[in-house]
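# Structural characterization, general
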Amino acid sequence: METMVKSMASGSEMGGFPPATDIDTGVIPIRPSGRGMLQVAVDETRRTAALKAPVKARVEALSFFYGLTKALNDLNMEIREKQVTALIGPSGCGKSTFLRCFNRMHDLTPATRYEGRILLLPEELDLIAADIDPIEVRMRIGMVFQKPNPFQKSVYENVAYGLRIRGVRSQLRIQEEVEKALRGAALWDEVKDRLAASATSLSGGQQQRLCIARALATNPEMLLFDEPTSALDPIATARIEELIAALREQVTVLIVTHNMQQAARVSDYTAFMYLGQLVEFDETSRIFTNPAQKATEDYITGRYG
Amino acid sequence: MSTEGLGHHISSRYNEDLERLRSSVLEMGGMVERQLAQAIGGITEPDARMIMLVAQEELRINQLERSIDEDCSRILATRGPTASDLRLIITILKIITDLERIGDEGEKVAAIAARLATRERPNNRYRELHNLGELVSEMLHDTLDAFARLDTDLAVAVLRRDRVVDEEYEAIHRQSITFMMEDPRSIRRALDVMWVVRSLERIGDHAKNVCEYLIYLVHGKDVRHTRIEEIERELRAGKG
């Protein structure tokens, strides 16, 4: 196995520290946060290794810029269908930025720019192409955030909302889909008698599952989770984790988490990111028992910093 | 993974916990080694105090095993170790079982050595038993050395030596059968010799197990029940 070692920074001659700006492009590369830097060797063979399940999304040479700051640097990765892929890495490594690319959450932030492609298979739809409607993307790829953010509406309307936007008129059909989504989010039994109650009257864990139900209602192909349990207690967290494991039956899941044990528990594949690069991508069981890269090892064992 | 690789946790208490655990294992290994040396010494040089010393050592070994077990459980419960830390804990849990069993075998050797001392000794004063004992002691010593330095080359060398132990075992076995056929009065003594050889051979096997765990600790590869040639090839591939 041939391992290509390169510095995280674009200017590897600079002894590991990135230059202030890249002279050719005028782009400011991502900087380490000032604390101890990880020793990074990018393994070119491992990160695109042929793994088993069919591919749902293929990330090709993806870079992302906030103004002149390069937040993601040439990511290449395959997301497996109906599997859970976890993104881990220290704060500022770009994992949330990467996740948000998948449903075009950056579109509203001024002066941002994508390079490369994110292809949704099988039709190879480029999610970040300028001529692709972000609303359509979001119907196919749902997102759940760190803090539960239900609409100030009833439980029922929260879930029905996406269907109505999609132009579903039949009340019967909407009813069926709402129940299906709520069951899918393991919330039905708890709210079936209070569908008309305000969503904000639910507990935090229930609100988060309601958001999952809302995302499920439009039958998405992929669900994005951005630290979905960091605001929840251990019991609500366990429920969401159970749910994520069950969701694997119907959708492809991409999850960002700071809780490494959570990544180890819920995911099939894990990507370790650092300074906007993908350092290592492999089956979760390997990443957490015998990672190939020293940087990954240092991070997951708590030796970073 | 290197010995220095064990340092530098963000949590210094975690560092200290892992470091202490490692030195406890080495301490336990040292006790087992000393106990085995005493037992083997007793085969050729009868020593009335030997059996008592061995029994005392056995007690301390057992206590240390329990305390290491407890530390491992606590670290698993509180730290959720991953990657090399996880492999270290898993490996230690397994290693101490083998070390404790070496202690048990050592005690058996000591008991039989004490019994042999009360009887007439053969002309060579059990030279072949003593030689096998030395061989096995060396294996144990190198195994502990390999663990202390995370040296898998040395571990592989120990694995290779296990074959020699097996050959010696076979040779003494055949020799004992010959003695028994020639002179039925030697049966009792020959059987005791067989028990000692059996224990020594088991100690070699336990040392071998520890070496295999060590390879798992360092390279993350499970090489149990694998032919030695294959292990060497795998390790070369891992380094290449």
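Reading the values: rules and limits
Residues numbered from 1 in each chain as written. Chains lettered and ligands numbered in written order. Predicted model: local features only at pLDDT ≥ 70, side-chain atom pairs only at ≥ 80, totals over all residues. Helix = DSSP H or I, 4+ residues; strand = E, 2+ residues; numbered from the N terminus. Rg over C-alpha atoms; globule rule 2.2 N^0.38 Å. Contact = placed C-beta atoms within 7 Å. Expected span 1.5 Å × (residues − 1). Buried ≥ 20, exposed ≤ 12 C-beta atoms within 10 Å, placed from the backbone. Core = buried A, V, L, I, M, F, W, Y, C linked by C-beta atoms within 7 Å. Pairing = 2+ DSSP bridges. Nonpolar A, V, L, I, M, F, W, Y, C, P; charged D, E, K, R; others polar. pLDDT = per-residue confidence, 0-100. Axes fitted to C-alpha atoms, helices over the stretch in contact; angles between N-to-C directions.

## Details of the overall build of chain B
Per the secondary structure count, chain B includes seven helices and zero strands. The secondary structure elements of chain B, listed N-terminal to C-terminal, are α-α-α-α-α-α-α. Relative to a compact globule of 240 residues, whose C-alpha radius of gyration would be 18 Å, chain B shows 20 Å and is just as compact. Overall, chain B is about 65 × 40 × 20 Å in size when its C-alpha atoms are taken along their principal axes.

## Notes on the overall build of chain A
Broken down by element type, chain A carries 10 helices and 10 strands. Looking at chain A alone, contacts between residues at least 24 apart form 70% of all its contacts between residues at least 6 apart.

## Points about helix 4 (residues 127-149) of chain B
All names here are of chain B. With 23 residues, helix 4 should reach 33 Å at 1.5 Å per residue; the first-to-last C-alpha distance of 33 Å fits that figure. All of the buried residues along helix 4 are Leu129, Leu132, Gly133, Val136, Met139, Leu140, Thr143, Leu144, Ala146 and Phe147. Here the buried face of helix 4 lies against helix 1 (12-44), helix 3 (83-117), helix 5 (152-182) and helix 6 (187-219). A positive phi of about 50 degrees marks Leu150, the residue just after helix 4.

## Some points on the nonpolar core
In this structure, A:Ala213, A:Leu223, A:Val253, A:Ile255 and A:Met273 are the most contacted members of the largest nonpolar core, which totals 76 residues. When residues of this core are assigned to their parent elements, the largest contribution, six residues, is made by helix 6 (residues 204-216) of chain A. Ignoring anything within four residues of it in the chain, the contact list for A:Met273 reads A:Leu87, A:Gly89, A:Cys93, A:Gly94, A:Lys95, A:Phe98, A:Leu278 and A:Val279. Counting 57 residues, the second largest nonpolar core, distinct from the first, contains B:Ile75, B:Leu88, B:Ile96 and B:Ile231.

## Regarding the environment of A:Ala246
All names here are of chain A. Tracing the sequence through the fold places Ala246 in helix 7 (residues 234-247). On the neighbour-count criterion, Ala246 (12 C-beta atoms within 10 Å) is exposed. For Ala246 and Gly184, which are 62 residues apart along the polypeptide, the C-alpha to C-alpha distance reads 8.4 Å.

## Overview of the sheet that holds strand 1 (residues 55-66) of chain A
For sheets, the rule is that strands pair by backbone hydrogen bonds, running either parallel or antiparallel. Residue and element names in this part refer to chain A. Spatially, 2-1-4-5 is the arrangement adopted by the four strands of the open sheet, whose pairing is antiparallel. Each of the sheet's edge strands pairs with one partner strand only, and the pair in question is strand 2 (69-80) and strand 5 (125-126). Of the strand pairs in this sheet, strand 1 and strand 4 (residues 112-120) are connected by eight bridges, and their pairing is antiparallel. Bridge pairing in strand 4 places Phe64 opposite Tyr114.

## Some details on the interface of chain B and chain A
Tallying the contact residues gives 13 residues for chain B and 12 residues for chain A. Here the side of chain B that touches chain A is built from residues that sort into four nonpolar, seven polar and two charged.

## What about the confidence of the model for chain B?
Do not read the predicted coordinates in detail wherever pLDDT is low. All names here are of chain B. Overall, the prediction assigns chain B a mean pLDDT of 91, with 96% of residues at 70 or greater. A low-confidence stretch, residues 2-6 (pLDDT under 50), is modelled with six contacts involving residues beyond four sequence positions or located in other chains. Model confidence for the complex is summarised by a pTM of 0.79, with the ipTM given as 0.75.

## Considerations on the environment of A:Lys82
Residues and elements named next belong to chain A. Mapped onto the elements, Lys82 comes out in the loop between strand 2 and strand 3 (84-88). Residues Lys82 and Val251 lie 169 residues apart in sequence; the distance between their C-alpha atoms is 5.1 Å. Beyond its immediate sequence surroundings of up to four residues, Lys82 is in contact with Ala53, Arg248, Val251 and Thr252.

## So, unusual backbone geometry
A negative phi holds for most residues other than glycine; trans holds for most peptide bonds. Residues and elements named next belong to chain A. Residue Leu121 is joined to Pro122 through a cis peptide bond whose omega torsion reads 10 degrees. Position of Pro122 among the secondary structure elements: in the loop between strand 4 and strand 5. For Asn219, which is not glycine, the phi dihedral falls at a positive 55 degrees. One can find Asn219 in the loop between helix 6 and strand 7 (222-226).

## Quick notes on the environment of B:Ser186
The topology assignment puts B:Ser186 in the loop between helix 5 and helix 6. Excluding residues that lie within four positions of it along the chain, B:Ser186 makes contacts with B:Phe179 and B:Met180.

## Some thoughts on the sheet that holds strand 8 (residues 252-256) of chain A
Residue and element names in this part refer to chain A. Spatially, six strands are ordered 6-7-8-3-9-10 in an open sheet, and the strand pairing comes out mixed. Taken across any chain shown, the strands that pair with only one partner, and hence form the sheet edges, are strand 6 (141-144) and strand 10 (277-283). In this sheet, neighbouring strand axes are inclined to one another by 20 degrees on average, regardless of whether the strands run parallel or antiparallel. Here six bridges tie strand 9 (residues 269-274) to strand 10, and the two strands are oriented antiparallel to one another. Counterpart to Tyr274 in the pairing with strand 10 is Gln277. Packed on one face of the sheet, helix 6 meets strand 6 and strand 7 and runs near 170 degrees to strand 6.

## Digging into the pairing of strand 4 of chain A
Pairing of strand 4 of chain A with strand 5 of chain A involves two bridges; the strand directions are antiparallel. Residue pairing in the sheet places A:Leu119 in a bridge with A:Asp126 of strand 5 of chain A.

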